[in-house]
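Survey of secondary and tertiary structure
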Amino acid sequence: MVSIENVIEKIKAYNPKADIELIKKAFAFSGEAHCSQRREEGSPYIYHPLSVADILADMKLDVPTIIAGLLHDTVEDTGTSTVDIREIFGVEVAFLVDALTKLSKVEFQTKEDAQAENFRKMLLAMSKDVRVILIKFADRLHNMRTIEHLSEEKRRRIARETIDIYAPLANRLGIGWLRTEFEDLSFKTLMPALFSELERKVAKRREEQERYISEVKGIVNEKLEAAGIPARIKGRIKHYYGIYQKMVKQKIPFEQVQDVIGLRIITDTVGHCYDILGILHSVWPLVPGRFKDFISLPKSNMYQSLHTTVVGPGGDHVEFQIRSDDMNELAEEGIAAHWRYKEKDSIDKKNTRFISWLRELVKDISDAKEFLEAVKGEVVPETVYVFTPKGDIKELSVGSTAVDFAYAIHTQVGHKCVGAKANGRIVPLRHKLNSGDVVEIITSPSHGPSKDWLKFVVTPRAKARIKQWLKTEERKKSIELGIKLLEDEIKRHGLPLSVLKSEKMEEIIKSFSLMSIEDLYVSVGYGKVSAHQVVNKFMPEKEEGEAAPKVVKPHKEGRSIITIRGIDNIMYHIGRCCFPVPGDSITGFITKGKGVTIHRRDCPNLERLALDNARLIEVEWSQDSDITSTVKLYVEGMDKPGILASVTALISGANVNISHLQAASTHDKRALLEFTLEVKNRNQIVSLVNKISQMDGVLAVRR
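Please read these numbers as outputs of a predicted model, since none were measured by experiment.

Moving on, we get to a nonpolar patch on the surface. A contiguous nonpolar patch, built from Val418, Ile426 and Ile442 and spanning about 240 Å² of accessible area, is present on the exposed surface. Secondary-structure assignment places Val418 in strand β8 (residues 417–422).

See below:
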């Protein structure tokens, strides 16, 4: 079991000037804070932060990072505060510990929300100081090494999170050995039977493979010595998860996986790297399509190396990686190599090169879940390299399109993109780009992003900025629509428009749990709050037992819209079951004490009422074209953002007043919209129904 003495010896070996007394003080502080706690297997809890510090020492990190590793759980799990840490160990250590402390005091609706927000907080801190993620890596690695003591459900959840997020993130930050161990430990936890079988098969072939590696090394050494090229050769067998991925990707059994064996050749200069490549290709034939030059085109994590696969002795495929000493250190340690105690002067510049992509995401995305998904998308290892017409290189995810490329150049280039050329030829915006393509983007100042772009763009940057633009535009439309609906409803109730600026308005806004009148306009425009609900709050409350005041819209000059043959000045009202409008074929039904109720002739209720023919009378519409009637319209559509705003905008554009609306969504992703409209005649409503039924996403329209 690791001890503080072991850790201190490791630190002294690479940093003789380290403040050992402060490290001992941190160990004692952590031991006292965690004194009453034990891990799942029963060991004192202090062994966990001590093991984290040991891993950080293996990575040769500076003293504040080691101390933060020893203290990383004290604020979250004990009575220690960040202020205590700051007073004893300084601002730098306090920042690192605080960044690693989960948001335990914040209430979330789901575990997924909590995980996403915690991860976002950590990466926000990482964008300021990358040591945050290095400590988290060490914490997660020790937890994965001791994961067998947890329940199966917890093991699977932690392993899935590790392989989905931490392993690719370690790869993006260039820490190759860490990514490999994360993947193998997660693979072992998630698929124990398959892992054991693979482990057994690899072990069975190990002796034979080691003999083969020795043979190949002998041949290469002989050729390099003859050429006078200094080099070290390391043989390796591909890690278990790497073998498994190859089996899945190529749909082959283990026995057919050919390049399980790999050799790494480390030399002194870039020129010798290319010399070695030429020698290898002169000895053995190259496997077509398996050569990659990451020296002239480094990966986004600054990884550099030459990769080639050859048909070695006996026809077996052998993968070679050729790199210089500096490239090898960067390939193994990644960003950790820049946090050596001796590298302080150049840290900020190097950090920026590694995590500029993360800082871009932090600026673009505020929603925690979206941010987590974007990070997952950014750390995908497979990329393509595309050139601008001036020769600048843009690194994009495999499958990226011309639109992704446009947003990689600049947000406004993406927004204004109307076309693209790849290698001098016009291509569709959804055209997938290949490494080496020279791409030119054609823009138009009057253009904006389309929602359809979200169906084919793949980079998180493009997705985030398209969504942001669409949300902004949709909000603008909703505000305009909300203002119109509210003003129309206020006029219908005979109130002055100045009520929107009254003190009462502030109370109404708060009653809907909103922050501003703009938020209220948006809610009305989206249909979350109806204009009727808002205006009702301006009306005086009724006394107990008093009938609610009834708002009656007077007809122009007191004229009636219905003529009843042979009868003058009789009271009538429009049937609320069918809402007839001028132009509909109608009939009247005499209701005792209520006058005549006007129904459409195709009203389902008439079948029942027709049993009493004596109470049915002939009625007809008057010729007054300025009088409007109320009608209900039901719209069923796909539940997608903006459908309500689109339908209401179309109705308003047809000069039809919406007096009330209700919106609901179903479990099977359908939107149910109910509009109460003021129309002049049947032709107007028929025209409206036809237009709405032709809209994208609308499934059905009926009165």
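Our focus in this paragraph is the pattern of salt bridges. Per the stated rule, a full pass over the model turns up 21 salt bridges. Here Glu21 makes a salt bridge to Lys24, at a shortest N to O gap of 3.9 Å. Highlighted residues: Glu21 and Lys24, both in helix α2 (residues 20–33), separated by 3 residues, approximately one helical turn. For Glu21, a relative accessible area of 54% translates into the label exposed. Judged by its relative accessible area of 39%, Lys24 is partly exposed. Salt bridges sharing common partners tie together Lys10, Asp54 and Asp58.

Summed over the entire model, instances satisfying the criterion amount to 11 aromatic pairs. Between Phe137 and Tyr166, the ring centres sit 6.4 Å apart and the planes meet at 75 degrees, which makes this aromatic pair edge-to-face. Placement of Phe137 in helix α9 (residues 131–145) and of Tyr166 in helix α10 (residues 152–172) is noted, with a sequence separation of 29 residues between them. Looking at Tyr166, the relative accessible area reads 3%, which means it is buried. Across from the ring centre of Tyr634, 4.4 Å away, lies the NZ or CZ of Arg702, which sits over that ring.

When a protein is soluble and globular, its nonpolar side chains tend to lie buried together. Ranked by size, the top nonpolar core spans 95 residues in total, and within it Ile11, Ile23, Phe137, Val220 and Phe320 carry the most contacts. Ignoring any residue separated from it by four or fewer positions in sequence, one finds Phe320 in contact with Val216, Val220, Leu263, Ile265, Leu280, Trp284, Leu306, His307, Thr308 and Val310. In terms of nonpolar packing, the next biggest core, distinct from the first, is built from 45 residues, Leu486, Tyr521, Val534 and Phe538 among them.

Calculation criteria
Chains are numbered independently. Their residues run from 1 in the order of the written sequence. Residue-level local features of this predicted model are given only where pLDDT is at least 70; pairs of side-chain atoms are given and counted only at 80 or more, and the full residue set underlies all totals for whole chains, interfaces and linings. Computation of side-chain values covers all heavy atoms of the structure but excludes hydrogens and water. Patch membership requires over 30% relative accessible area and the absence of a salt bridge. Like charges are linked within 9 Å, and nonpolar side chains (Val, Leu, Ile, Met, Phe, Trp, Tyr) within 5 Å. Using a 1.4 Å probe, accessible areas were evaluated by the Shrake-Rupley method; residue-level cover was limited to the displayed protein chains. Any Lys or Arg side-chain nitrogen found within 4 Å of a carboxyl oxygen on Asp or Glu counts as a salt bridge. A run of H or I in DSSP becomes a helix once it reaches four residues, and a run of E becomes a strand once it reaches two; helices and strands are each numbered from the N terminus. In this scheme, a residue with accessible area under 20% of its type's maximum is buried, one over 50% is exposed, and one in between is partly exposed, where area comes from a 1.4 Å probe on protein chains only. Classification of ring pairs uses Phe, Tyr and Trp, with its six-membered ring standing for Trp, and accepts pairs whose centres are within 6.5 Å; under 30 degrees between planes counts as stacked, over 60 as edge-to-face, and the remaining range as tilted. Either the NZ atom of lysine or the CZ atom of arginine qualifies as a charge over a ring when it sits within 6 Å of the ring centre and within 35 degrees of the ring normal. For this analysis, a nonpolar core means a set of buried residues of the types Ala, Val, Leu, Ile, Met, Phe, Trp, Tyr and Cys, connected via side-chain atoms within 4.5 Å. When checking whether two residues touch, look at their non-hydrogen atoms; a contact exists if any pair is within 4.5 Å.

Limitation: the analysis is restricted to geometry and does not speak to function.
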